[in-house]
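Coordinate inspection notes
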Amino acid sequence: MNPFDYVRPASVSEAVAAGAAPGAVFLAGGTNLVDLMKGGIVRPSRLVDVSRLPGLDRIERLPDGSLRIGALVRNADLAHDPDFAGSHPAVAEALLSGASAQLRNAATVAGNLLQRTRCAYFFDPASACNKRQPGEGCDARGGENRQHAVIGWSEHCIATHPSDFCVPLVALDAVVEIAGAAGPRAVPLEAFHRLPDSAPDRETVLEPGELVTALRLPAQAAAFAGHSRYLKLRERTSYAFAVVSAAAALRLDGGRIAEARIALGGVALKPWRERAAEDLLVGAAPNPEAFARAGKAVLAAASPSGENAFKIGLARRLVARALARAALGTPARLPALPGSVLVPAPGEIAGEITHA
Ligand code: SF4
């Protein structure tokens, strides 16, 4: 391991100043960063430990009804907060789908947003990777790439973003609060992560030294609480990243869909919102035909980046199923560990979700 400085600032402004130094990175839960350092994938010259900064570990209801979640709130604490899980059940469901219980106890909200791709070539210093070393090439292009992106990718990088948490958050219009040398600013989560284009090493809109301080969910997000789900399809039912995942949320009024939200995970280098499919549902009756139509409309501009064409059809069927489960109503009690999406929910007719 390379030598590095370790500093522990006492305030957000001190953290921002310390984090602006070349080669500095912020350390909070460390569940991703420490692994990357051990593997020699990232070699920071300075760790700025923000894990004890005061005031960033609170969940607060603001006067306008929105919810602010401090950057240092632990994933497990947020998922098990009864008020939060009651008003934003799909987000709690996504959190409980991620990683392992031990990791969820340590990982923070901001760290979840900022985690790095799990592309195997990124983790292998012997492989060419433009994200790790700009200009080096991308060994995933001609390699093992069935888990890689089907939309928003470029010839320079075909990786996906691994977060479950971000998928329902982007569907619910979450906003990222950021502190920097120029003062605070807020960025919609949908605009926070960057697509690879020609610079896959730049993953977010954060400038050097900028620190994520909180996430904010608008008051309107809670209007979907009665009909929202997050379904994650993975190669085993625990401790695995999504092959594809889908967040679906509906607001029903008079037997019709008044508003719909849809987002996908595992398909791009950012959580992928599907507004055209949402618009198709407005005014429709919540039935399998409408959900199949919306499912077929997602990923309209998708193309395989390798051996992963199967993901496109899989995502479309998963969206239809997530919408159907949302329409059935959010279960009063979500399981501590979400099970396989292939097992029909009570009241649901078993549908086909295969790789075919
Ligand atoms: Fe690196 Fe991206 Fe290529 Fe993976 S897909 S090897 S992260 S450049």
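See the structure printed just above.
Nothing here was measured: the structure is a model prediction, and the numbers come from that model. Residue numbering note: each chain is counted from 1, following its sequence as written. Only residues with pLDDT of at least 70 get local features here, since the model is predicted, and only at 80 or more are side-chain atom pairs given and counted; chain-wide, interface and lining totals rely on the full set of residues. Side-chain measures here rest on the full set of heavy atoms in the structure, leaving out hydrogens and waters.

Overview of the overall build of the protein
Per the secondary structure count, the protein includes 11 helices and 12 strands. Within these notes, the globule rule equals 2.2 Å times the number of residues to the 0.38 power, and the radius of gyration is based on C-alpha atoms. For 356 residues, the compact-globule estimate of 2.2 N^0.38 gives 21 Å, and the protein sits close to it at 20 Å. In terms of overall dimensions, the protein has a C-alpha envelope of 60 × 50 × 35 Å along the principal axes. The burial tally for the protein puts 52% of its 356 residues in the buried class. We call two residues contacting when some pair of their heavy atoms lies within 4.5 Å. Counting contacts in the protein only where the partners sit at least 6 residues apart, residues at least 24 apart contribute 64% of the total. Secondary structure follows DSSP: runs of H or I at least 4 residues long count as helices, runs of E at least 2 residues long count as strands, and numbering of each begins at the N terminus. Only protein chains enter the accessibility calculation, which uses a 1.4 Å probe; a residue is then buried when its area is under 20% of its type maximum, exposed when over 50%, and partly exposed in between.

Focus: the packing of helix α10 (residues 288–297) against helix α11 (residues 310–328)
Only C-alpha atoms enter the line fits that serve as axes; for helices the fit covers just the stretch in contact. Angles between N-to-C directions range over 0 to 180 degrees. Running from N to C, α10 and α11 point in directions that differ by 140 degrees, and their axes come no closer than 7 Å. Along this stretch, α10 crosses α11, giving a crossing that reads as right-handed. Residues F291, A292, A294, G295 and K296 of α10 touch α11, and the partners they reach there are R316, V319, A320, L323, A324 and A327. For the contact of α10 with α11, the per-class residue count stands at eight nonpolar, one polar and two charged. Whether a crossing is left-handed or right-handed is set by the direction in which the near helix is turned from the far one by less than a right angle, anticlockwise for left-handed and clockwise for right-handed. Three residue categories are used. Nonpolar comprises Ala, Val, Leu, Ile, Met, Phe, Trp, Tyr, Cys and Pro, charged comprises Asp, Glu, Lys and Arg, and polar comprises the others, including Gly.

Re the environment of C166
By the secondary structure assignment, C166 is in helix α8 (residues 166–171). Apart from residues lying up to four places away in sequence, C166 is in contact with L113, H161, L189, H193 and P271.

A word on the sheet that holds strand β6 (residues 175–180)
At least two bridges found by DSSP between two strands is the condition for calling them paired. On the basis of which strands lie adjacent, the open sheet formed by five strands has the order β4-β5-β8-β6-β7 and antiparallel pairing. Edge strands, defined here as strands with exactly one partner in the open sheet, are β4 (59–61) and β7 (183–188). Within the sheet, the average angular offset between the axes of one strand and its neighbour, ignoring direction, is 25 degrees. Pairing of β4 with strand β5 (residues 67–70) involves three bridges; the strand directions are antiparallel. Across the sheet, the residue bridging to E60 is R68, located in β5. In this fold helix α1 (residues 12–19) packs onto β6 and β8 (211–217), with an angle of close to 125 degrees to the strand it touches most, β8.

What about the sheet that holds strand β9 (residues 228–233)?
The four strands lie next to each other as β9-β10-β11-β12, forming an open sheet whose pairing is antiparallel. The sheet is open, and its two borders are formed by β9 and β12 (272–273), each paired with just one other strand. Pairing of β9 with strand β10 (residues 244–253) involves six bridges; the strand directions are antiparallel. When the bridges of β10 are listed, R229 appears paired with A248. Strand contacts of α11: β9, β10 and β11 (256–265), with the helix running at about 35 degrees to β10, the strand carrying the most contacts.

Topic: the pattern of salt bridges
Any carboxyl oxygen of Asp or Glu that lies within 4 Å of a side-chain nitrogen of Lys or Arg is treated as forming a salt bridge with it. For the structure shown, the criterion picks out 17 salt bridges. Where R132 meets E136, a salt bridge forms, and the shortest distance between an N and an O atom there is 3.7 Å. The residue R251 makes a salt bridge to E259 at a minimum N-O spacing of 3.2 Å. Relative accessible area serves as the criterion here: at 29%, R251 is assigned to the partly exposed category. What makes E259 buried here is its relative accessible area of 15%.

Side note on the site of the ligand
In the vicinity of the ligand lie 14 residues, with C119, C129, C138, C157 and I158 positioned nearest. Counted by class, the shell around the ligand contains 10 nonpolar, three polar and one charged residues. By convention in these notes, a residue is near a molecule or strand provided one of its non-hydrogen atoms lies within 4 Å of it.

Comments concerning the pairing of β7
Bridge count between β6 and β7: six bridges; the pairing is antiparallel. Bridge pairing in β7 places V175 opposite P188. Connecting β6 to the next strand, β7, in antiparallel fashion are two residues.

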